[in-house]
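Notes for the structure review
Here is how the chains run, residue by residue.
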Amino acid sequence: MSSASPGIEQADTPTISDSGATGKRVLLAKPRGYCAGVDRAVIAVEKALEVYGAPVYVRKEIVHNKHVVETLRERGAIFVDETTEVPEGALVVFSAHGVSPAVHAEAAERNLRTIDATCPLVTKVHKEVNRFAKDDYDILLIGHEGHEEVEGTAGEAPEKVQLVDTAEDVDKVEIRDPSKVVWLSQTTLSVDETMERVDQLRERFPGLADPPSDDICYATTNRQVAVKAMAAECDLVLVVGSTNSSNSKRLVEVALKAGARDAHLVDFAREVDESWLEGVTTVGVTSGASVPDILVMDLLAWLAERGWADVDEVTTANEKIAFALPPELRKAL
């Protein structure tokens, strides 16, 4: 992002101290973990369970994190793939990744009570799709095929949206009017890779318009910036996050591109292969935007038991953003 978003304070250039007497140290990225959209979605399910009682149905995973999903399942949430699996008239929560108008219509047909926990930053992209579709633009959506957010966003105007995932997809794009084409993006992508795809598209379509504001969310950007600030110092970067979490996987890629010698994605501390620590002095630790900090603390404790007890936090921004709960819940509360 070119400038700080409201609710974000850019930190001074981080300084990384020398390692302690043992030489072993951990660099802990900040910001990391929960973003405002994830926090809002998880609280929405928790409050729905409190207000309405179990079961509360959730379409797809509320956020892409195994620990969060299992914890909510134990409290009475039932996760389904489609609204057709929800009993007629029951309560269903839509995940933070958003859904298409067709899903909303299907829920209405089945007389389902709904709570829409779509992240407001995803909703912003949905509104951009509608705006450009109304103006008869061809919309080139940069994102990963099959991701729930992409499916929901493209579903806003399927006849106008073309998905661009790989470099090969750039060559397949067909547009009607080169003066009316715009790119938008999935919110959880790597900033660098997204702009690489934009440059490739612009080579084909010099008149390609930019979105009215950054689509990649502040949290995704901030977590990537924090990893870049420490990666070159790290022999190993451990990213806490699930394999279906796009932003978590991007953090591994960003770490490696920014100079980390090795990087891995793990859901839990127990998944760390101790062979990864051989010859390692500095371990970088961060987590994706859907990861509760307790999992990071567990990893730090696991590392401390093996000699990496010296922790130095590397801060590149301070986030103070919070989103209001979905209106359906605010009324009930």
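Quick note: structure is the one above.
Residues numbered from 1 in each chain as written. Predicted model: local features only at pLDDT ≥ 70, side-chain atom pairs only at ≥ 80, totals over all residues. Heavy atoms only, no water.

**Describing the sheet that holds strand β7 (residues 138-142)**
Strand pairing within a sheet occurs via backbone hydrogen bonds; the two strands may be parallel or antiparallel. The cut-off we apply is this: Two strands are said to pair when DSSP picks up at least two bridges between them. Counting from the N terminus, the helices are DSSP H or I runs at least four residues long and the strands are E runs at least two residues long. Orientation is described by lines fitted to C-alpha atoms, with helices fitted over the stretch in contact, and by angles between N-to-C directions that extend from 0 to 180 degrees. Note on contacts: a residue pair qualifies if any of its non-hydrogen atoms lie within 4.5 Å across the two residues.
Overall, parallel pairing links the three strands, which are arranged β8-β7-β9 in an open sheet. Whereas interior strands pair on both sides, the edge strands pair on one side only; in this sheet they are β8 (161-164) and β9 (181-185). The mean angle between the axes of side-by-side strands here comes to 30°, regardless of whether they run parallel or antiparallel. Docked against the sheet, helix α4 (residues 120-134) engages β7, β8 and β9, running at close to 170° with respect to β9.

**Some remarks on the state of the cysteines**
Quick note on the threshold: In plain terms, two cysteine sulfur atoms within 2.5 Å form what is called a disulfide here. For each residue, the accessible area found with a 1.4 Å probe, counting protein chains only, is set against the maximum for its type, and the residue is called buried under 20%, exposed over 50%, and partly exposed in between.
Summed over the entire model, instances satisfying the criterion amount to zero disulfides. No disulfide involves C35; its sulfur sits 5.7 Å from that of C217, the nearest cysteine. Relative accessible area serves as the criterion here: at 11%, C35 is assigned to the buried category.

**Details of the packing of helix α1 (residues 36-52) against helix α2 (residues 66-75)**
Short version of the rule: Oblique is the label for any angle not covered by the other classes, which are roughly parallel (under 35 degrees), roughly antiparallel (over 145) and roughly perpendicular (65 to 115). We call Asp, Glu, Lys and Arg charged. Ala, Val, Leu, Ile, Met, Phe, Trp, Tyr, Cys and Pro are nonpolar, and the rest, Gly among them, are polar.
One way to put it is that α1 packs onto α2 with a least axis distance of 11 Å and a crossing angle of 5°. With respect to their mutual orientation, α1 and α2 come out roughly parallel. Taken together, the residues of α2 that come into contact with α1 (itself represented by V42, V45, E46, L49 and E50) are V68, L72 and R75. Taken together, the residues of the contact of α1 with α2 break down into five nonpolar, no polar and three charged.

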